[in-house]
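# Secondary and tertiary structure notes
This is what each chain is made of:
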Amino acid sequence: MLFLVVALLVLGVVLGAVAHVPVPVGVAAGLAIALWLAVFAAREHLSGHRSGRPGHHRGGLR
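Report on the accompanying structure. As the structure is a computational prediction, the values presented were derived from the model and not from experiment.

In terms of helices and strands, the protein chain carries 2 helices and 0 strands. Within the span of the protein chain, comprising 62 residues, buried residues form 2% of the whole. By element, 76% of the accessible surface of the protein chain is carried by carbon and sulfur atoms, the whole surface being about 5800 Å².

Encoded structure:
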């Protein structure tokens, strides 16, 4: 519950900050963040990164 409150607070701060910049700057920042997240997700997917903890497997419970 506390995590949700903090996440909403951070979201409010970010949206408040982006409201004070011109629209093209906000859109460019949003696209940069989306591209960064897409590259990160693709690298994680392609690397086959596995958790080092025993008993935790990809693909659900076994």
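Here the focus is helix α2 (residues 23-47). The terminal C-alpha atoms of α2 lie 36 Å apart, and with 25 residues this matches the ideal 36 Å at 1.5 Å per residue to within 8%. Directly after α2, the chain includes G48, whose backbone phi takes a positive value near 65°.

About the thresholds
- Residues numbered from 1 in each chain as written.
- Predicted model: local features only at pLDDT ≥ 70, side-chain atom pairs only at ≥ 80, totals over all residues.
- Heavy atoms only, no water.
- Helix = DSSP H or I, 4+ residues; strand = E, 2+ residues; numbered from the N terminus.
- Buried < 20%, exposed > 50% of the residue type's maximum accessible area, 1.4 Å probe, protein only.
- Areas by Shrake-Rupley, 256 points an atom, 1.4 Å probe, with all protein chains shown as cover.
- Expected span 1.5 Å × (residues − 1).

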